[in-house]
Amino acid sequence: MMFHKEYPSLKSGMSYLIIQLSTVFIYLLLIAVPVHAQQTTCPALQPGLDAITHIRFLADDRLEGREVGTAGARCAAEYIAAQFSYIGLEPAGEANTFFQPFPIRKGTTLGADNILEVAGQRYILESEWVPLGFSATQRLEAPLVYGGYGLLRANGNEDPYAHLDLNGKIVVVEWGDPDAPHGESIRADPHFKAIFAEGRDAAGIIVLLPEGWSPRRPDDEIRAVLGIPVAVVHAGLANSMRVGANNQSVARLHTEVHTTIAEARNVVALVPGTHPTLRDEVVIVGAHYDHLGFGGEGSLAPDSREVHNGADDNASGGGALIEIARTIIAGEPLDRSTLFIAFTGEEKGLWGSGHFVRDPTVDLSRSVGMLNLDMVGRMDGDALTIFGFGTAQEWDQVVDEANVRLDQPLDLSKVPDGYGPSDHSSFYGEGIPVLHLFTGTHEDYHRPSDDWQLINSSGVTRVVALTAGIVKQLADGGSNSVTLTPIQQPAPNQNSSPSSSSSSGYGSAYLGSIPDMTPHDHGLRLTGVREGSPADQGGLRAGDVVVEFDGTAIGDIYAYTYALQAKEPGDEVVIVVERGEERVSLRVVLGQRR
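Residues numbered from 1 in each chain as written. Predicted model: local features only at pLDDT ≥ 70, side-chain atom pairs only at ≥ 80, totals over all residues. Heavy atoms only, no water.

Peer 1: Can you walk me through the pattern of salt bridges in this structure?
Peer 2: Pairing between side chains becomes possible if they bear opposite charge and their charged atoms approach one another. For the coordinates displayed, the defined rule picks out 31 salt bridges. Among the ionic pairs, R326 bridges to E323, the shortest N-O distance being 3.0 Å. On the criterion of helical spacing, the pair formed by R326 and E323 is a turn pair, its members being 3 residues apart in helix α6 (residues 311-330). When salt bridges that share partners are traced, they join R358, E430, D516 and R525 into one network. (Salt bridge = Lys/Arg side-chain N within 4 Å of Asp/Glu carboxyl O. Helix = DSSP H or I, 4+ residues; strand = E, 2+ residues; numbered from the N terminus.)

Next up, the structure:
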């Protein structure tokens, strides 16, 4: 899963993102990420006979944590595709294969033309300064201006920066947030400061690093490129830079940063139905197979560079997915088709499932429902939590009937929310009823200790049996087949658990949008909106691409988050969206975050 869990209440995926926004820059500057071999040797592919065999393969050290876009993730995808083929499933990816590839931004590299010179003094690249990975590639010669912390409010008061003329100038600002513990917050991130500097027509921005910090190459930066150059300068040279800025010295700033692209792959397979008409309808079963690689951002052992094998999160779901497919294909033929999808990029923000719903390999309008398996390897006793009961009227009956048919029925905890921060959320945003099966969190979550030896293999087998039973309930029955009645969930009340909406992000303003965290060329696509929320009342819809938030251009989820964070409950904002070929302006009154 892409978020830190507190069972039974789960933290919001968006809250997790906001927490990470305030630490991304720290990771990039302070942690020297090791360079690992690009040519990972995959373990030999052999037919697996049970879920624990699959889990052991996917959680093997040689797969190096299956981070999206790496050789280890490619090994995992090849293994899952091979198992689907062994079992007898049909390819349902692109070009009659099991794979659905898509490009991802993997990092950045520095080009040859990087120069910083102030009042005739040339700074040394990497040891004294470095452009950041989201910097524009540009050549500038412009006056410097000193902007303090680069915040509109600092130390509890309006800052002079709010009235500073930045037009056509390179603004020099301090790293950090003076109003936050240890100076670390969402506002401390140079990305935050750069977006607002760009919005005020600054030509570029230079951030002065605090004592003890040194510039590092931006190899792992995946955020979208901004429209202005952004650089950081070593703390030892900060005073001379401040003097130059206060004197409005002219600086020459050249930045050349190149994006590196990698291929990510979903794995997609089909068991065709047999009914003349119902075979065109599909029940979808999915699980993500990626994890955190060698840690870093997202790890709860932030100082560790050990491989994070992610046996429970989510080799367990991948192993269960394969065995559910085996169970379905070995049983009596079903009337409806069953689509099995192993997603990648979930840990980065539902990248794989987000890509699939935008560019599906089947007709999603014929989808009956979607079942998601994420962290199903640590069953305690008979307990299983299932999210999504509030997404269709019939889920209680369908699940209860499948459960009672088990040799040993499970003790089910039923949670209504369909917008949880895992891959099912992408499908619920498309109006498809969903369920998410989950055995609970544990102290090994997002740590190197999440390994296969701790998996409850008999518990995984029970999850497989229940999920296969739910599939059969949905996919069989001829003219009496179950038809799910989708329910659009309302905005959460004061006492509800948080979900993955932007309402539970940083700050007090509540919008109620469900962001698609998959990177896009521009703007932020909305997976959905909460019924009855300010977003809903203001006319926002699932599928809208937000390109402007109250005058601030929106290039990605970070800019969207920053713009929302700057507002207060009761503020009326104008949100501009692209809706198909149209550009639509909407007025929305923000609510109070609950």
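There's plenty left to go through after this.
Peer 1: Would you explain the layout of surface pockets in this entry?
Peer 2: The gaps left among the atoms become clear once a water-sized probe is rolled over them. When its volume is computed, the second largest pocket comes out at roughly 460 Å³. As for the second largest pocket, its lining consists of 20 residues, and the residues nearest its centre are L152, F192, Q565, A566 and K567. Of all the secondary structure elements, the ones that give two or more residues to the lining of the second largest pocket are α4 (190-199) and α13 (557-565). Here the residues of the lining of the second largest pocket sort into 9 nonpolar, 5 polar and 6 charged. (1 Å grid on protein atoms, 1.4 Å probe; cavity = no way out; pocket = protein on both sides within 12 Å on 5 of 7 lines; lining within 4 Å. Points joined across faces, edges and corners; volume = space filled by probe spheres on them. Nonpolar A, V, L, I, M, F, W, Y, C, P; charged D, E, K, R; others polar.)

Peer 1: Which parts of the structure should I look at to understand the sheet that holds strand β11 (residues 230-233)?
Peer 2: For sheets, the rule is that strands pair by backbone hydrogen bonds, running either parallel or antiparallel. The sheet built from 8 strands is open, its strands ordered β4-β3-β12-β6-β9-β10-β11-β5 with mixed pairing. Every interior strand has two partners, whereas the edge strands, β4 (121-122) and β5 (129-131), have only one. As judged from the 5 bridges shared by strand β9 (residues 170-174) and strand β10 (residues 204-208), these two strands associate in the parallel manner. From the neighbouring strand, V172 faces β10, where its bridge partner is I206. The strands touched by α4 are β9, β10 and β11; relative to β10, the strand with the most contacts, the crossing angle is about 150 degrees. This element, helix α5 (residues 238-246), spans β3 (115-118), β6 (138-146), β9, β10 and β11 of the sheet and lies at about 85 degrees to β6. (Pairing = 2+ DSSP bridges. Contact = heavy atoms within 4.5 Å. Axes fitted to C-alpha atoms, helices over the stretch in contact; angles between N-to-C directions.)

Peer 1: For this particular structure, what's the right way to read the state of the cysteines?
Peer 2: Chemically, a disulfide is nothing more than a covalent bond linking the sulfur atoms of two cysteines. Summed over the entire model, instances satisfying the criterion amount to 1 disulfide. Across a sulfur-sulfur distance of 1.7 Å, C42 and C75 are joined as a disulfide pair. Its torsion about the S-S bond being -80 degrees, the disulfide of C42 and C75 is classed as left-handed. A residue pair is termed long-range when its members are at least 10 positions apart, and C42 in the loop between α1 (13-30) and α2 (51-58) and C75 in helix α3 (residues 71-87) qualify at 33 residues. The exposure class of C42 is partly exposed, given its relative accessible area of 37%. Given the relative accessible area of 1%, C75 is considered buried. (Disulfide = S-S within 2.5 Å. Buried < 20%, exposed > 50% of the residue type's maximum accessible area, 1.4 Å probe, protein only.)

Peer 1: Where do I start with the packing of α4 against α13 in this structure?
Peer 2: The relative placement of two packed helices is expressed as an angle between their axes plus a distance between the axes. The contact between α4 and α13 brings their axes to 10 Å, and the two run at 80 degrees. The angle between α4 and α13 falls in the class roughly perpendicular. For the pair α4 and α13, the contacting residues are H191, F192, I195 and F196 in the first and Y558, A559, Y562, A563 and Q565 in the second. Residues of the contact of α4 with α13, tallied by class, amount to 7 nonpolar, 2 polar and no charged. (Parallel < 35°, antiparallel > 145°, perpendicular 65-115°, else oblique.)

Peer 1: In this structure, what is going on with the environment of L125? I would like to understand it.
Peer 2: Note on placement: L125 falls in the loop between β4 and β5. Given the relative accessible area of 28%, L125 is considered partly exposed. Taking the C-alpha atoms as reference points, L125 and R216, separated by 91 residues in sequence, lie 9.9 Å from one another.

Peer 1: Got a minute to help me understand the pairing of strand β16 (residues 367-373) in this structure?
Peer 2: Consecutive side chains of a regular strand alternate in pointing toward one face of the sheet and then the other. The buried fraction of β16 amounts to 7 of the 7 residues, a majority that puts the element mostly inside the structure. With 5 bridges connecting them, strand β14 (residues 282-288) and β16 associate as parallel partners. Opposite I284, over in β16, you have M370 as the bridge partner. Strand direction decides the pairing type here: β16 and strand β19 (residues 434-438), joined by 4 bridges, are parallel. Its bridge partner being in β19, L373 is matched across the sheet by L437.

Peer 1: Looking at this structure, I do not really get the pairing of β19. What am I missing?
Peer 2: The element β19 is extensively covered by neighbouring structure, given that 5 of its 5 residues are classed as buried. Burial along β19 is two-sided: V434, H436 and F438 facing one way and L435 and L437 facing the other are all buried. With 3 bridges joining them, strand β17 (residues 383-387) and β19 adopt antiparallel strand pairing. Bridge pairing in β19 places I386 opposite L437.

Peer 1: Any chance you could explain α3 here in plain terms?
Peer 2: Taking 1.5 Å per residue as the helical rise, α3 with its 17 residues ought to reach 24 Å, and the 24 Å between its terminal C-alpha atoms agrees with that figure. Most of α3 is tucked away: 12 of the 17 residues are buried. Looking only at α3, the buried set comprises G72, A73, C75, A76, A77, Y79, I80, A81, A82, Q83, F84 and I87. Check the buried side of α3 and you find it contacts α2, β2 (99-110), β13 (257-271), α6 and β15 (337-343). Among the residues trailing α3, G88 stands out with phi positive, at a value near 115 degrees. (Expected span 1.5 Å × (residues − 1).)

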